[in-house]
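A look at the structure
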Amino acid sequence: MSRLGRFLALGDFEAAAKRHLPRPVFGYVSGASEEGRSFHSNRTILNEYGFVTRVLRDMPTRSQQVELFGKTYASAFGIAPMGINALSAYRGDLVLARAAMEAGIVSVMSSASLIALEEVGRQCPGTWFQAYLPAEDARIDAMLDRIEGAGFEVLMITVDVPVPANRENNVRAGFTAPLRPSARLAWQGLSRPRWLWGTFLRTLLFHGVPHFENTHPVRGASLISSKAVRDLASRERFSWSHIDRIRQRWRGRLVIKGVLHVDDALQAQALGVDAVILSNHGGRQLDGAVPALAVLEQVVAAVGSQYPILVDGGFRRGTDILKALSLGARMVLVGRPFNYAAAVAGEDGVRHAISLLKAEIDRDLALLGVASCAALGPQNLVRMSQGHEN
Ligand SMILES: Cc1cc2nc3c(=O)[nH]c(=O)nc-3n(C[C@H](O)[C@H](O)[C@H](O)COP(=O)(O)O)c2cc1C
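A short tour of the structure in this document, coming up. As the structure is a prediction and not an experimental result, all values here were calculated from the model. (Residues numbered from 1 in each chain as written. Predicted model: local features only at pLDDT ≥ 70, side-chain atom pairs only at ≥ 80, totals over all residues. Heavy atoms only, no water.)

1. Some thoughts on the site of the ligand
What counts is decided by this rule: The cutoff for a nearby residue is simple: one of its non-hydrogen atoms must lie within 4 Å of the molecule or strand. We define a polar contact as two N or O atoms separated by no more than 3.5 Å, with the added condition that, inside protein, one atom must be a possible hydrogen donor and the other a possible acceptor, whereas residues neighbouring each other in sequence contribute only through side-chain atom pairs. Computed with the Shrake-Rupley method and a 1.4 Å probe, the accessible areas treat only the protein chains shown as cover for residues.
Near the ligand lie 22 residues; those nearest to it are Pro-81, Ser-110, Thr-158, Asp-312 and Arg-316. Side-chain polar atom of Thr-158 to an oxygen atom of the ligand: 2.7 Å apart, as the coordinates give it. Between an oxygen atom of the ligand and a side-chain N or O atom of Asp-312, the distance comes to 2.6 Å. When the ligand is considered free in solution it has 600 Å² of accessible area, and contact with the protein chains removes 98% of it.

Set out below in C-alpha cells:
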C-alpha cells in the first residue's frame, strides 16, 4: 500500500489523474456543461450545513452499514455509473466493480461502456446496471432481456439526458466521441506514456479496438467509428409511460436516476419504481440545475422516510456523506474520484479510495457522537446560511 500512501483523501487522486491522463480524456472525466454552475453548487451547498456534535456517548464502535433492497451494504456510499471508464483505466468497469464487490459497497455499470455487460455480470455479481433507453418498445424489451440474462438484479434508468448536454468543454479539451485520430491526439497520447502503454495500447493488444458494447441489445460501434455518435434521437420521446411499461416487465429492482422535482419523485414512487436518485449528473447536463441537497429534505418529506432516496454530485468526504444522510438520503453515489483512482492505480487505487472514505465516515461518526449511519437525522445538523450559486 506504500505506493498509495501519498493519497490521503479522495481529492488527491484528481491531481494525479490530471498528470496521468491525456488532456482530452481528463477533460472528459473532469468536465461539466457550460459555465459549471451546477458542478460548483454541488460542493458549495455542502458549506451551508454544519454539524451539531454530541459528546460523552461511550461508543467504542460505529456502524456505517446500510440496508437497501433487502441487502446490507458495508457503507453508505457507492460508485456512480460512468461512461467510457475503460478509456481512462485499463478494464475500468471491471476494476471498479471488483473493488466495490470486495468491499461490499454498491457500484453501477454504465451502459455507455466499452466492456460487455455480460463480462461484468459474470465476474461481479451484485453490480447494478445503468441504462439509457430509447422510446421504442421493441428495443427496450430486447435490452431488458439482455440485462436480465446477464444476471443484473438492479436496473437504474437515467432520465436527465433527453438530449446531449452542451459539452463545449469536451471540445475545448480535444475530446470527441467518436475519437478522431489526429496529430494533436497522438501527441497527447505520446506525452502520457504510462497511460499510452498501460491502458490504451494494452487494451488494443488484448481486447481490440474498444466498442460501445452496451448501448444496444447487440454490440455497438467502435469508439473511433463515425457511427459511435450516441444514438440519442428517440430519447427525447422517452416518458413516464415507458417507465410504467418497464416496471411491468422488469422483475428486478428498478431505480430512476436524475430526478430533482418532488412531483417526479412522487410519480416514480406511484409507478412502483423502487428508489430514486436525486442528481444533476455531476453538473454535466442542464447547467444551473440545483444540487440534490437543495431538494432532498422536501422530497424525503413527500415520499416518506421508508422510501429510498439516493443522491450524488460533488460528494468527496465522509462529512459530505454524513450531511446527506442526516437530511434523509439512504445512500450517496460518488463518481469522478473513483474514476481517477482507477486511472492512476487500477484496482488497488479504487480499494484505497474506498478505504479512505470508509475510514473518514467511521472517524466522523465518532466525532459527531452518533453510533451508526442509520441513526443520523436532522437533529445532527443546522443550516447556517442560504443562497448557494444558482
Ligand atoms: C466521466 C463521467 C461519465 C458519466 N457517465 C454517466 C453515464 O453513462 N450514465 C449516468 O447515468 N451518469 C453518468 N455520469 C454521472 C455520474 O453517474 C454521477 O451522476 C456524477 O458523476 C456524480 O457526480 P461526481 O462525479 O461529482 O461525484 C458520468 C459522470 C462522469 C464524471
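Next comes the rest of the description.
2. Some details on the pattern of salt bridges
Short version of the rule: Here a salt bridge means any side-chain nitrogen of Lys or Arg lying within 4 Å of a carboxyl oxygen belonging to Asp or Glu. Going along the chain from the N terminus, every DSSP run of H or I of four or more residues is numbered as a helix, and every run of E of two or more is numbered as a strand.
Under the defined criterion, the tally for this structure stands at 21 salt bridges. In this structure, Arg-351 engages Glu-102 in a salt bridge whose closest nitrogen and oxygen atoms are separated by 2.8 Å. Linking Arg-351 in helix H15 (residues 336–368) with Glu-102 in helix H5 (residues 92–103), this pair joins segments that are 249 residues apart in sequence. Among the charged side chains, a salt-bridge network with shared partners connects Arg-3, Arg-98, Glu-102, Glu-347, Asp-348 and Arg-351.

3. Quick word on the sheet that holds strand S6 (residues 128–131)
Which entries qualify depends on this criterion: Strand pairing is assigned whenever DSSP detects at least two bridges linking the two strands. Any two residues having at least one pair of non-hydrogen atoms within 4.5 Å are treated as being in contact. Fitting a line to C-alpha atoms yields each axis, with helices limited to the stretch in contact; the angle taken between N-to-C directions then spans 0 to 180 degrees.
Taking strand neighbours across the sheet as the criterion, the 8 strands line up as S4-S11-S10-S9-S8-S7-S6-S5 in an open arrangement whose pairing is parallel. The open sheet has two free edges, formed respectively by strand S4 (77–79) and strand S5 (108–109), since each of these has just one partner strand. Sheet analysis places S5 next to S6, joined by 2 bridges and oriented parallel. The partner of Met-109 across the bridge, within S6, is Phe-129. Against the sheet, helix H13 (residues 292–303) engages strand S9 (275–278) and strand S10 (309–312), with an angle of about 175 degrees to S10.

Just geometry here; none of it tells us what the structure is for.
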